[in-house]
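One-letter residues, chain by chain:
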Amino acid sequence: AQTVTQSQPEMSVQEAETVTLSCTYDTSESDYYLFWYKQPPSRQMILVIRQEAYKQQNATENRFSVNFQKAAKSFSLKISDSQLGDAAMYFCAYRSTNTGNQFYFGTGTSLTVIP
Amino acid sequence: EAGVAQSPRYKIIEKRQSVAFWCNPISGHATLYWYQQILGQGPKLLIQFQNNGVVDDSQLPKDRFSAERLKGVDSTLKIQPAKLEDSAVYLCASSWGGPSYEQYFGPGTRLTVT
């Protein structure tokens, strides 16, 4: 089974600064999808950004961008110009393209934004 | 479009009691997931449905947990009897059928077993 590892349980960033959250995964598949989800305190999980493994270009969504290194099986999230509303748990997720298209989640990184 | 609906939002029961959670996915979404999220951890998949068939239930404790998705729409997850370690948030999510589609999550049901 695929595994997703987030080695940073907690991170903090000064407001308006940039922070990078790390994620690595283990798979033998060549085609898959990667996601970053955000879970604010006591609020539901929402999608931040998605990356297709067959695309070499890194995905970007406004202040959020990823650094996807397929050979290294690394998928980090960069948040630029951090805002107070970015404070949340961030989960990295891997979606298989095999039968069932299962999702596998990491253990999460708690991001604190310091005013 | 309406999001994923879950009820109840909160539930407190005593150990050995039964409890049921309900989920209504986004209209048209073929795939429905139930996750268990223990405080401070990532979501753990309990069961995944494709329409009304089970795709993966390998991590569902089948001696006490059961789930069904009638007519490929709404789903219920039941725990009977509950244990203290079942205290968690139970998340329902849905997505379109293909692998490129993200999941949309409901607000979750916070279960406390005393």
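Residues numbered from 1 in each chain as written. Chains lettered and ligands numbered in written order. Predicted model: local features only at pLDDT ≥ 70, side-chain atom pairs only at ≥ 80, totals over all residues. Heavy atoms only, no water.

1. Things to note about the overall build of chain A
Along chain A, the regular secondary structure elements total zero helices and twelve strands. Overall, chain A shows an N-to-C arrangement of helices and strands of β-β-β-β-β-β-β-β-β-β-β-β. In terms of overall size, chain A behaves like a compact globule, its C-alpha atoms giving a radius of gyration of 14 Å where 115 residues would be expected to give roughly 13 Å. Within the span of chain A, comprising 115 residues, buried residues form 50% of the whole. (Helix = DSSP H or I, 4+ residues; strand = E, 2+ residues; numbered from the N terminus. Rg over C-alpha atoms; globule rule 2.2 N^0.38 Å. Buried < 20%, exposed > 50% of the residue type's maximum accessible area, 1.4 Å probe, protein only.)

2. Some thoughts on the state of the cysteines
By definition, a disulfide is the covalent link that joins the sulfur atoms of two cysteine residues. Residues and elements named next belong to chain A. Under the criterion given, the structure shown has two disulfides over all chains. For Cys-23, the disulfide goes to Cys-92, at an S-S distance of 2.0 Å. Residues Cys-23 and Cys-92 share a disulfide whose torsion about the S-S bond is about -70°; that sign makes it left-handed. One end of the pair, Cys-23, is in the loop between β3 (19–21) and β4 (24–26); the other, Cys-92, is in strand β10 (residues 88–96), with 69 residues separating them in the sequence. On the basis of relative accessibility, which here comes to 1%, the residue Cys-92 falls in the buried class. (Disulfide = S-S within 2.5 Å.)

3. Examining the interface of chain A and chain B
In this complex, chain A contributes 19 residues to the contact, which on the side of chain B involves 23 residues. Both faces combined, the contact of chain A with chain B buries some 1,700 Å², and carbon together with sulfur accounts for 51% of it. Summed over the shared surface of chain A and chain B, the result is one salt bridge. Note that Arg-50 of chain A is salt-bridged to Glu-102 of chain B, the shortest N-O span being 2.8 Å. In this assembly, chain A and chain B are joined by five residue pairs in polar contact (both at pLDDT 80 or more). Elements supplying a minimum of two residues to the side of chain A that touches chain B: β5 (32–39), β6 (46–52), β10 and β11 (103–105) of chain A. The leading source of residues in the side of chain A that touches chain B is β5 of chain A, at four residues. (Contact = heavy atoms within 4.5 Å. Buried area = accessible area lost by both parts, 1.4 Å probe. Salt bridge = Lys/Arg side-chain N within 4 Å of Asp/Glu carboxyl O. Polar contact = N/O pair within 3.5 Å; in protein donor to acceptor, adjacent residues only side chain to side chain.)

4. Topic: the side chain of Ser-82 of chain A
All names here are of chain A. Its location among the elements puts Ser-82 in the loop between β9 (74–79) and β10. Overall, Ser-82 belongs to the buried group, its relative accessible area being 1%. At 2.8 Å, the side chain of Ser-82 forms a polar contact with the backbone oxygen of Glu-17. In contact with Ser-82, other than residues within four places in its own chain, are Val-13, Gln-14, Glu-15, Ala-16, Glu-17, Val-19 and Arg-63.

5. So, the packing of aromatic side chains
Aromatic rings in a pair are described by how distant their centres are and how their planes are angled relative to each other. Going through the model one piece at a time under the given rule, you end up with 18 aromatic pairs over all chains. With a centroid separation of 5.7 Å and 85° between ring planes, the pair formed by Phe-103 of chain A and Tyr-33 of chain B is classed as edge-to-face. Here the residue Phe-103 of chain A occupies a position in strand β11, and Tyr-33 of chain B occupies one in strand β4 (residues 31–37), the pair thus bridging two chains. For the pair formed by Phe-103 of chain A and Tyr-33 of chain B, the shared burial category is buried. Members of the aromatic cluster, each reached through a chain of ring pairs, are Phe-35, Tyr-37, Phe-103 and Phe-105 of chain A together with Tyr-33, Tyr-35 and Phe-105 of chain B. (Phe/Tyr/Trp six-rings, centres within 6.5 Å; stacked < 30°, edge-to-face > 60°.)

6. Observations concerning the environment of Leu-84 of chain A
All names here are of chain A. With respect to the helices, strands and loops of the structure, Leu-84 is situated in the loop between β9 and β10. Owing to a relative accessible area of 44%, Leu-84 belongs among the partly exposed residues under this scheme. With 82 residues separating them in the primary sequence, Leu-84 and Gln-2 have C-alpha atoms 33 Å apart. Sequence-distant contacts of Leu-84, that is, excluding residues within four places in its chain, are made with Glu-15, Val-113 and Pro-115.

7. Focus on unusual backbone geometry
Residue and element names in this part refer to chain B. Residue Ser-7 is joined to Pro-8 through a cis peptide bond whose omega torsion reads -10°. Residue position: Pro-8 is located in the loop between β1 (5–7) and β2 (10–13). Despite not being glycine, Arg-16 has its phi angle at roughly 80°, a positive value. Overall, the relative accessible area of 63% leaves Arg-16 in the exposed class. In this structure, Lys-71 is a non-glycine residue whose phi angle is positive, near 60°. Relative to the elements of secondary structure, Lys-71 occurs in the loop between β7 (65–68) and β8 (75–79). Residue Lys-71 is classed as exposed on the basis of its relative accessible area, which comes to 80%.

Honestly, that's just the spatial picture; any functional story needs more than this.
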